[in-house]
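Each chain is listed here by its residues.
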Amino acid sequence: MSDNRILSAEEQEKLLAPIDKEVGGIQAEIDKLREDGSLKVRSYENMIVLLKEDKTLTKGERANEIAAAKKELEKAKAVEAANKDKVAALVKKAEDYLKVHYDSDYYNKVKESCDARREQAKREYDTAIGKLTNEHEAELKKLNDKAEIKDENYVYKNRRFDLKMRYDQKLQRIKDDQHEAYIYRYHLIDLLRMSRYTQGQKMAQGWENYKYTFNSTQFFLQNGLYIVIIAVFVFLGIITPAVKGSPLFTYNNILNILQQASPRMFYALGVAGLILLTGTDLSVGRMVGMGMVAATIIMHQGPNTGTVFGHVYDFSAMPAGGRAILALIVCIVLTTVFTTIAGFFTAKFKMHPFISTMANMLIIFGLVTYATKGVSFGSIDQSIPQMVIPKINGRFPTIILWAIAAIAIVWFIWNKTTFGKYLYAVGGNPEAASASGISVFAVTLGAFVLAGILYGFGDWLECNRMVGSGSAAYGQGWDMDAIAACVVGGVSFTGGIGKISGVVVGVLIFTALTYSLTILGVDTNLQFVFEGIIILAAVTLDCLKYIRKK
């Protein structure tokens, strides 16, 4: 039984014809007004650009031709200005006509036709599935042999799959037809406005394109984890006032979260570059302990309470600024030396970063613990944090600005430098990158060196934030925090996929979660459980995305 709501292609063209005729007539008037104005303006502007780049002309010839083109350009601009109001009036006339007639005379009828086609396709699909199922059940009743039953089930499954594929293809064609009918309006407007859409028109097209390309499965693979985490924070925000008598997300709490996240941002940004190369770094936590010890020793006020290889160091004779700079340099040198060693073995001998960085982790922890006997080195000179990371108006911690600067610099390196492009290329396909002339060794080593520099800065800032308290055990588990933040932020272990914005979001999520659970009095060990679940979910979603891509 045919549905009279369904339009044929000829009927759709017939509905569109009056609109094309009316708008086309107005467009012809506009084109005539633009012929010696706007069109020539564009033509001469392009000509001037090409003349400036033309290497076949002498300097004098180029100057003469550009001068002549500019003269003609000014004439065209004068014509354009003279016809501007007439053109604007005609554009408004055409757009007003489209507002009144396009939906009512054409698009709404096409949409109704598409809805009817979907209903018809669904009925046909259900009928075909019902018929196939009946035939399958009838066939099974005739069979006794297990092998034959298995073959019949296999055939049935494939035939169901074929029907579903054909049904999905029909739905996609219907979706395409409706989208084309909607977007044709903006094709007409594009000609009227010479591609200069209003903000409202841009938003309308953007929303339509989003709906057209939206895929629920892909959406939840990309954003499912974030949706769950947001729900967790909403839940925490609701129960905190009931449990603690005060709201969770106050101004001071948010500043505390950002302050705690700032040094961790450096570690996550460093690890992110290694994960981009399908690697990782298990030594981050021990790098934190090593840097904290070194920085505390140098910035300590007076003789240190602990010894290093049996010797007591005293840098208090140096000015505070000099000690702060020396501590930063020492932190960067120590961490960069160790990451460079790991990077060399990874790049030169194709050793997996899991092994090279695990070796670093053991060596660093062993050396620092043996040298310091595992003791804490107390607090640093109070004047140094006040100089390095002062609080604006006694409230806003400037350590946040250090993190913002690091984010901006690493973003620039990843997105605007040759090294950053090579980083993505090597991470995505090292063999292809090598064949293209990229030094995989240099890129890999460079990523480890960059990570070491970031770790050093992070150690120095963390020491200032905590006013010392450096020990070999400090930073335990921070490697997992940094890796987890990257994975949650979308940096893929499959390589070559990741954004700085994702890393930032990942760090903030984990820091905020830890802070919130601590305020609620949740045991630290249970916090590890939450972190483990989030990591597992993030990596699972990442693997699913990779499998679907393959």
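Counting starts from 1 at the beginning of each chain's written sequence and moves along it residue by residue. Local features in a predicted model are, by the rule used here, given only for residues with pLDDT of at least 70; side-chain atom pairs are given and counted only at 80 or more, and totals for whole chains, interfaces and linings are based on all residues. Water and hydrogen atoms were dropped before computing side-chain values, which therefore reflect all heavy atoms in the structure.

### Some remarks on the overall build of the protein chain
Only DSSP runs of H or I covering at least 4 residues are called helices, and only runs of E covering at least 2 are called strands; the numbering of each starts at the N terminus. Summing up its helical and strand segments, the protein chain has 18 helices and 2 strands in all. Over its C-alpha atoms the protein chain spans a radius of gyration of 33 Å, topping by over 25% the 24 Å that the globule rule assigns to 550 residues. Referenced to the eigenvectors of the C-alpha coordinate spread, the extents of the protein chain come out at roughly 95 × 95 × 60 Å. Counting across all 550 residues of the protein chain, residues that qualify as buried make up 41%. Taking the intrachain contacts of the protein chain between residues at least 6 apart in sequence as the baseline, contacts between residues at least 24 apart amount to 79%. None of His or the chain ends enter the tally, which takes Lys and Arg as positive and Asp and Glu as negative. By convention, the charge on Lys lies at NZ, on Arg at CZ, on Asp at CG and on Glu at CD. Here the protein chain carries 61 positive and 53 negative side-chain charges, and the mean point of each set is 4 Å from the other. Using C-alpha atoms as the atom set, the radius of gyration is obtained and then compared with a globule rule of 2.2 Å times the number of residues to the power 0.38. Burial classes: relative accessible area under 20% of the type maximum marks a residue as buried, over 50% as exposed, and values in between as partly exposed (1.4 Å probe, protein chains only). Note on contacts: a residue pair is in contact if any heavy atoms of the two residues lie within 4.5 Å.

### A look at helix 15 (residues 440-466)
Three- or four-residue spacings in an α-helix give side chains the same orientation, since the helix completes a turn every 3.6 residues. In a regular helix each residue adds 1.5 Å, so 27 residues correspond to 39 Å; helix 15 covers 39 Å between its end C-alpha atoms and thus fits that length. Here helix 15 lies mainly inside the structure; 19 of its 27 residues are buried. Positive backbone phi, approximately 55 degrees, marks Val467, located one or two places after helix 15. Each helix should span, by expectation, one fewer than its residue count multiplied by 1.5 Å.

### Observations concerning the nonpolar core
Among the nonpolar cores identified, the biggest contains 96 residues, and Leu269, Met299 and Trp460 are the most heavily contacted of them. The greatest single-element share of this core, amounting to 13 residues, is contributed by helix 7 (residues 251-276). Leave out the neighbours within four places in its chain, and Leu269 touches Ala406, Ile407, Val410, Leu454, Ile500 and Val503. Ala94, Tyr106, Tyr182 and Ile189 belong to the second-largest nonpolar core, a separate cluster that totals 24 residues. Working definition of a nonpolar core: buried Ala, Val, Leu, Ile, Met, Phe, Trp, Tyr and Cys residues. They are joined through side-chain atoms within 4.5 Å.

### Some details on the layout of surface pockets
Here a cavity means grid points, on a 1 Å grid over the protein atoms only, where a 1.4 Å probe fits yet cannot get out; a pocket means an open set of points with protein on both sides within 12 Å along at least five of seven lines; lining residues are those with an atom within 4 Å of a point. Grid points are joined across faces, edges and corners, and a volume is the space filled by probe spheres set on the points. Estimated volume of the largest pocket: approximately 520 Å³. As for the largest pocket, its lining consists of 22 residues, and the residues nearest its centre are Arg264, Trp478, Asp481, Thr514 and Glu531. At the level of secondary structure, the elements contributing two or more residues to the lining of the largest pocket comprise helix 7, helix 16 (478-488), helix 17 (500-519) and helix 18 (524-549). Counting residues per element, the lining of the largest pocket draws most heavily on helix 17, at 7 residues. As a working rule, the residues Ala, Val, Leu, Ile, Met, Phe, Trp, Tyr, Cys and Pro are called nonpolar, Asp, Glu, Lys and Arg charged, and the rest polar, with Gly in that last group. For the lining of the largest pocket, the per-class residue count stands at 10 nonpolar, 8 polar and 4 charged.

### What to know about the packing of aromatic side chains
Working definition: rings of Phe, Tyr and Trp (its six-membered ring) pair if their centres are within 6.5 Å, and the pair is stacked with planes under 30 degrees apart, edge-to-face with planes over 60 apart, and tilted otherwise. As enumerated under the stated definition, the model contains 22 aromatic pairs in all. Centre to centre, the rings of Tyr210 and Phe214 are 5.7 Å apart; their planes meet at 50 degrees, and the pair counts as tilted. By relative accessible area, Tyr210 is classed as partly exposed at 41%. Judged by its relative accessible area of 35%, Phe214 is partly exposed. With a centroid separation of 5.7 Å and an interplanar angle of 70 degrees, the aromatic rings of Tyr267 and Trp478 are classed as edge-to-face. Note that Tyr267 is positioned in helix 7 and Trp478 in helix 16, a separation of 211 residues in sequence. The exposure class assigned to Tyr267 is buried, which follows from its relative accessible area of 1%. In textbook terms, an aromatic cluster arises when at least three aromatic residues are bridged by ring pairs, as seen for Trp207, Tyr210, Phe214, Phe219 and Phe220. Definition used: whenever NZ (Lys) or CZ (Arg) falls within 6 Å of the ring centre and also within 35 degrees of the ring normal, the charge is taken to sit over that ring. The ring of Tyr182 has Arg185 sitting right over it, with the charged end atom 5.4 Å from the ring centre.

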